[in-house]
Amino acid sequence: AALVKLAASTNTTAPVQREAVSILCKLTSQPDELASLVAAGTVPPLVSQLRDGDDAAREEAACALERLTSSQQDTQGHGAIAAASGVLPLLSLMREGTSISQQSHATAVICNLAQCVGTRCAVAAEHETIRSCVHVLGHASSTGSMLAAAAATLGCVSEGGSRSVVIACLGT
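Residues numbered from 1 in each chain as written. Predicted model: local features only at pLDDT ≥ 70, side-chain atom pairs only at ≥ 80, totals over all residues. Heavy atoms only, no water.

Student: For this particular structure, what's the right way to read the overall build of the protein chain?
Tutor: Tallying secondary structure elements over the protein chain gives 11 helices and zero strands in all. Taken from N to C terminus, the helices and strands of the protein chain fall in the order α-α-α-α-α-α-α-α-α-α-α. For 172 residues, the compact-globule formula gives about 16 Å, and the C-alpha radius of gyration of the protein chain, at 16 Å, lands near that figure. With the C-alpha coordinates of the protein chain rotated into their principal frame, the extents come out at 50 × 30 × 25 Å. By the burial criterion, 44% of the 172 residues in the protein chain qualify as buried. Considering only residue pairs separated by 6 or more positions, the protein chain has 63% of its internal contacts joining residues 24 or more positions apart. Considering the protein chain, the positive charge centre built from 10 side chains and the negative charge centre built from 14 side chains are found 4 Å apart. (Helix = DSSP H or I, 4+ residues; strand = E, 2+ residues; numbered from the N terminus. Rg over C-alpha atoms; globule rule 2.2 N^0.38 Å. Buried < 20%, exposed > 50% of the residue type's maximum accessible area, 1.4 Å probe, protein only. Contact = heavy atoms within 4.5 Å. Lys, Arg positive; Asp, Glu negative; His and termini not counted. Charge placed at Lys NZ, Arg CZ, Asp CG, Glu CD.)

Have a look at this one:
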């Protein structure tokens, strides 16, 4: 809990805050700890790093959020990302990330959120979702896993009533 407070505090110096976030990101590599990390409030500081962090911080945060959404059975992380307004910064990272790794992690998180019944509407509600997925599908450097995740996201979104918009965007 103290680590989350350091990561989220605006009164903490930038290097201390960055180190606290980095430690939280590393902790997400422990599958048995994911639920307790979400419950402790780890997601909002990670989403904040997507918006305000440097390139390394954005990549690390996106990787951690991917881990926190890796289970479709335990969807607490999914809901926490949607509640922290994390969808839009992830969509931005899908399109504008400075590395394939950043873009890949962001695309995977968006796909995980779209496949979760509890957060699908949060993904579908963002106007940038379709554009971001089409961008990934049309980008020459997209990996196979990115292409699959973008296509799966579009499939989920089209089930949510945006089918005509998806078809129109793919046709252009």
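Student: I tried to follow the state of the cysteines on my own but got confused; where do I start?
Tutor: All chains considered together, the criterion is met by zero disulfides. You can see C25 has no disulfide; the closest cysteine sulfur is in C63, sitting 7.6 Å from it. Summary of cysteine pairing: C111 is not part of a disulfide, and the nearest cysteine sulfur, belonging to C156, is at 6.4 Å. (Disulfide = S-S within 2.5 Å.)

Student: Help me out: how do you make sense of the pattern of salt bridges in this one?
Tutor: Think of it this way: side chains of opposite charge can pair up when their charged atoms draw near. Under the counting rule described, the total for this entry stands at six salt bridges. One salt bridge in this structure joins R58 and D55, with 2.3 Å as the shortest N-O distance. With R58 and D55 both in helix α5 (residues 55-68), this residue pair falls three residues apart, about one helical turn. Take R58: its relative accessible area is 18%, and that puts it in the buried class. The exposure class of D55 is partly exposed, given its relative accessible area of 34%. Put simply, R95, E96, E128 and R131 are held in one network by salt bridges that share partners. (Salt bridge = Lys/Arg side-chain N within 4 Å of Asp/Glu carboxyl O.)

Student: Sorry if this is basic, but what is going on with the packing of helix α7 (residues 87-96) against helix α8 (residues 100-115) here?
Tutor: Two packed helices can be described by the angle between their axes and the distance between those axes. The contact between α7 and α8 brings their axes to 8 Å, and the two run at 140 degrees. One element, α7, and the other, α8, form an angle in the oblique class. Crossing angle aside, the handedness with which α7 passes α8 is left-handed. Counting all contacts with α7, which are made through V87, L90, L91, L93, M94, R95 and E96, the residues of α8 involved are Q102, Q103, A106, T107, V109, I110 and L113. Residues that form the contact of α7 with α8 fall into these classes: nine nonpolar, three polar and two charged. (Axes fitted to C-alpha atoms, helices over the stretch in contact; angles between N-to-C directions. Parallel < 35°, antiparallel > 145°, perpendicular 65-115°, else oblique. Left-handed = near helix turned anticlockwise from the far one by under 90°. Nonpolar A, V, L, I, M, F, W, Y, C, P; charged D, E, K, R; others polar.)

Student: Sorry, what's going on with the nonpolar core here?
Tutor: Soluble globular proteins tend to pack their nonpolar side chains together in the buried interior. Ranked by internal contacts, the top residues of the largest apolar core, which has 40 residues, are V43, L46, L65, L90, I110 and L113. Each residue touching L90, except ones within four places of it in the same chain, is listed here: L50, L65, I81, A106, V109, I110 and L113. (Core = buried A, V, L, I, M, F, W, Y, C linked by side-chain atoms within 4.5 Å.)

Student: Got a minute to help me understand helix α10 (residues 128-138) in this structure?
Tutor: Owing to its 3.6 residues per turn, the α-helix brings residues three or four apart onto one side. Regarding α10, the residues found buried are T129, I130, S132, C133 and V136. Viewed end-on, α10 has its buried residues packed into an arc of 165 degrees, placing them on one side of the element. (Arc of directions from axis to C-beta.)

Student: Explanation requested: the packing of helix α4 (residues 43-52) against α7 in the structure shown.
Tutor: Relative to each other, α4 and α7 sit at 40 degrees, their axes nearing to 9 Å. Considering their axes alone, α4 and α7 lie oblique with respect to each other. For the pair α4 and α7, the sense of crossing is left-handed. Residues V47, L50 and R51 of α4 lie in contact with α7, whose contacting residues are P89, L90 and L93.

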